[in-house]
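A structural walkthrough
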Number of protein chains: 2
Amino acid sequence: MAVESQKQSTVSSTVEDYLKVVLKIEDMKQRASTSRVARHLDVADATVTDMLRKLKKAGLLEYKPYYGAALTRKGRQMAVRILRRHRLLEMFLHQVLGYGWEQVHQEAERLEHAVSDLFISRIDALLDFPAQDPHGEIIPDARGFRQVEDDLCLAEAEPGSYSVRKVTNSDPEFLAYLDKVGLRPATRLSLQEKSPFQGPLKLLPESGREAVYLGLEASRSIFVLPLKDRPPASAPLPKGRASRGTVGRSGRGAGEE
Amino acid sequence: MAVESQKQSTVSSTVEDYLKVVLKIEDMKQRASTSRVARHLDVADATVTDMLRKLKKAGLLEYKPYYGAALTRKGRQMAVRILRRHRLLEMFLHQVLGYGWEQVHQEAERLEHAVSDLFISRIDALLDFPAQDPHGEIIPDARGFRQVEDDLCLAEAEPGSYSVRKVTNSDPEFLAYLDKVGLRPATRLSLQEKSPFQGPLKLLPESGREAVYLGLEASRSIFVLPLKDRPPASAPLPKGRASRGTVGRSGRGAGEE
DNA sequence: GGGTATTATTAGACTAATCTAAAAATAAAG
DNA sequence: CTTTATTTTTAGATTAGTCTAATAATACCC
């Protein structure tokens, strides 16, 4: 059949932000309820109700009153496109302009709506088609494919050896702190103990001056990969990364034929 | 006296565009009338009337009904800041991302409103503090100083030898044409004759395959510097540029004390 | 200097995105 | 299964930026 390259209707940057948030919530396996979306965007609930109705009419998401929203293929496609832009921009700011990983998010947040596709493809090439951003987040490819991320939340991990896969928190203060104690993507660490009753985690980062006591809440934004348990000093650095996720479409059936 | 570093109140990108246009018109020694501003921005005259009143109230320009607008120091400061951003961005797109000089304008037009001051200072350093953009336009420095441009419009020039200083037209088609016939900033050329009755100019660019016949209207956007008349083949390339403009404040009395 | 042409302004309206406060639906708890 | 608490939606308003059509001011020309 004819492959209609459906031109991507242009949407406002506000709409892009809504789609991005719904995608983020869906990725966390949560229901994209009015209030949850509102919290992420820091707007009033009523505003979200209106917008969701509008986005439904535009065919970008399903919306059931009093229930919530779910992206359509078209909406997801757009959301993933923004996600790709955001992460590529972060990588560019970090690698080319020397931004710290705690600085990249805010700038990318504005640029993702302003740069052209040409800009994106140029920085993609300049960076040699990076697979991850400075926080360890996977960068969707140009067609919208996203590698499945097979990582584990530190908050759920058992004591043992791990390497940091990604940090899903963009608060500059928090990231600066992690940096200070030596917790960055690719850092190896040993989780030594988890205190009971929502207590902190005792960690030993490889860059390892001393043990770090990290609050449980903070540990929820750190994702790790288990390391084959070998003597940490002689363990070979897993070049690509020991176990990779399989490659799959972004979302059920999204993307073009 | 105490140096109040007056924090630059933030304005919308729309306002930035208005200020930029008024600056551009003033730079052309014209009156910033409602209709002229409207034409530059491609909006209705009525829209401009409203906006000028608003900008006057914000202290960014003077506005006399039925006459026009003139930037205040504060307004000019903001406008020059955007101009600097625009031109630095163009240079960056050209030098780092490999954009053609006919492609840079459109992208910079969006980015100038979106990038942070950090971004600007980083690309400024990366480019080694360039003095001009890809069209030969002077880039104001970080304090808002602008070199006086002592160039001559080709439309007003007498036959003789010149080098191209700048091209003040951002139409991609037009720039692509100039490029094709070998007319770019720094290109040396000889203006051979000017046909009477608004006729075309006969030019011989140094990169010089053959003579170029350029319409008078087109010649208005090309600015040149006269060359000391020596045999063109042996003339030494003026390194910095033979005669430089003096350095002065951007606009009468603008800038901080 | 009065009539015509041009240029500006006013008036009224629209859209996108937002808000607050009130009303309605759903969920939770006895 | 009724009452209460929570969540969501509706209603009504606001702001920024824009438009068109009508009116008013200025400029130009014999």
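Because the structure is predicted, anything quoted here is derived from the model rather than measured.

Once that is clear, we can look at the overall build of chain A. Looking only at helices and strands, chain A has eight helices and ten strands in total. Counting across all 257 residues of chain A, residues that qualify as buried make up 44%.

On to helix α7 (residues 172-180) of chain A, then. Every α-helix carries 3.6 residues per turn, so stepping three or four residues along brings you back to the same face. All names here are of chain A. Here α7 has its buried residues at F174, L175 and L178. Axial view of α7: buried residues confined to an arc of 95°, hence all on one face. Across α7 from its buried face, at more than 90 degrees, point the exposed residues E173 and K180. Where α7 is buried, its residues meet β5 (160-167), β8 (212-214), α8 (216-219) and β9 (222-226). Positive phi appears at G182, one or two residues downstream of α7, with a value of about 85°.

Let us now look at the interface of chain B and chain A. Contacts between the two partners involve 18 residues from chain B and, on the opposite side, 18 residues from chain A. For the pair chain B and chain A, the interface holds zero salt bridges. Here chain B is connected to chain A by ten residue pairs in polar contact (both at pLDDT 80 or more).

The next point concerns the protein's contact with DNA strand C. Close to DNA strand C lie 21 residues; S12, T47 and K54 of chain A together with S35 and Y63 of chain B are nearest. Within 4 Å of the protein, the contacting atoms of DNA strand C are drawn from sugar and phosphate to the extent of 82%. Between A44 of chain A and DNA strand C, the recorded distance is 2.8 Å, taken from a backbone N or O atom to a phosphate oxygen. At a separation of 2.9 Å, a phosphate oxygen of DNA strand C approaches a polar side-chain atom of R53 of chain B.

Attention now moves to the pattern of salt bridges. Under the criterion given, the structure shown has 38 salt bridges over all chains. Salt-bridge contacts for K20 of chain B lead to E112 of chain B; the nearest nitrogen and oxygen are separated by 2.4 Å. Highlighted residues: K20 of chain B in helix α1 (residues 13-27) and E112 of chain B in the loop between α5 (104-111) and α6 (117-126), separated in sequence by 92 residues. E112 of chain B matches K20 of chain B in its accessibility class, with the two residues each being buried. Each member of the salt-bridge network shares a partner with another, and the members are D17, K20, E109 and E112 of chain A.

Moving on, we get to the packing of aromatic side chains. Within this structure, the stated rule accounts for three aromatic pairs over all chains. Aromatic rings pair up to connect F92 and F119 of chain A together with F92 and F119 of chain B into one cluster. The ring of F223 of chain A has K166 of chain A sitting right over it, with the charged end atom 5.0 Å from the ring centre. The ring of Y67 of chain B has R31 of chain B sitting right over it, with the charged end atom 5.0 Å from the ring centre.

This brings us to the side chain of D133 of chain B. All names here are of chain B. For D133, the location among the structural elements is in the loop between α6 and β3 (146-147). No salt bridge is formed by the buried D133; its nearest oppositely charged neighbour, R87, is found at 4.0 Å. Contacts of D133, omitting those with residues within four sequence positions, involve R87, E90, M91 and I139.

Around DNA strand D sit 21 residues in total, of which S35 and Y63 of chain A together with S12, T47 and K54 of chain B are the nearest. Here a phosphate oxygen of DNA strand D and a backbone polar atom of Y66 of chain A are 2.9 Å apart. Looking at the surface near DNA strand D, the elements with two or more residues in it are α2 (34-41) and α3 (45-57) of chain A together with α1 and α3 (45-57) of chain B. When residues in the surface near DNA strand D are grouped by element, the largest group, five residues, is from α3 of chain B. Of the residues that constitute the surface near DNA strand D, the class distribution is ten nonpolar, seven polar and four charged.

Here we come to the environment of Q95 of chain A. Residues and elements named next belong to chain A. Take Q95: it is sitting in helix α4 (residues 73-95). For Q95, a relative accessible area of 49% translates into the label partly exposed. Distance in space between the C-alpha atoms of Q95 and L127 is 7.8 Å, their sequence separation being 32 residues.

Every regular strand shows the same layout, with side chains that alternate between the two sheet faces. Residues and elements named next belong to chain A. Along strand β1 (residues 61-64), the buried face is formed by L61 and Y63; none of E62 and K64, which line the opposite face, is buried. Summarising the sheet, β1 and strand β2 (residues 68-71) pair through four bridges and their orientation is antiparallel. Considered in β2, the bridge of L61 is made with L71. In this structure, the hairpin formed by β1 and β2 is closed by a connection of three residues, where Y66 is found at a positive phi of approximately 65°.

So, how was this worked out
- Residues numbered from 1 in each chain as written.
- Chains lettered and ligands numbered in written order.
- Predicted model: local features only at pLDDT ≥ 70, side-chain atom pairs only at ≥ 80, totals over all residues.
- Heavy atoms only, no water.
- Helix = DSSP H or I, 4+ residues; strand = E, 2+ residues; numbered from the N terminus.
- Buried < 20%, exposed > 50% of the residue type's maximum accessible area, 1.4 Å probe, protein only.
- Arc of directions from axis to C-beta.
- Contact = heavy atoms within 4.5 Å.
- Salt bridge = Lys/Arg side-chain N within 4 Å of Asp/Glu carboxyl O.
- Polar contact = N/O pair within 3.5 Å; in protein donor to acceptor, adjacent residues only side chain to side chain.
- Near = heavy atom within 4 Å.
- Phe/Tyr/Trp six-rings, centres within 6.5 Å; stacked < 30°, edge-to-face > 60°.
- Lys NZ or Arg CZ within 6 Å of the ring centre and 35° of its normal.
- Lys, Arg positive; Asp, Glu negative; His and termini not counted.
- Nonpolar A, V, L, I, M, F, W, Y, C, P; charged D, E, K, R; others polar.
- Pairing = 2+ DSSP bridges.

This is a description of form; function is not addressed.
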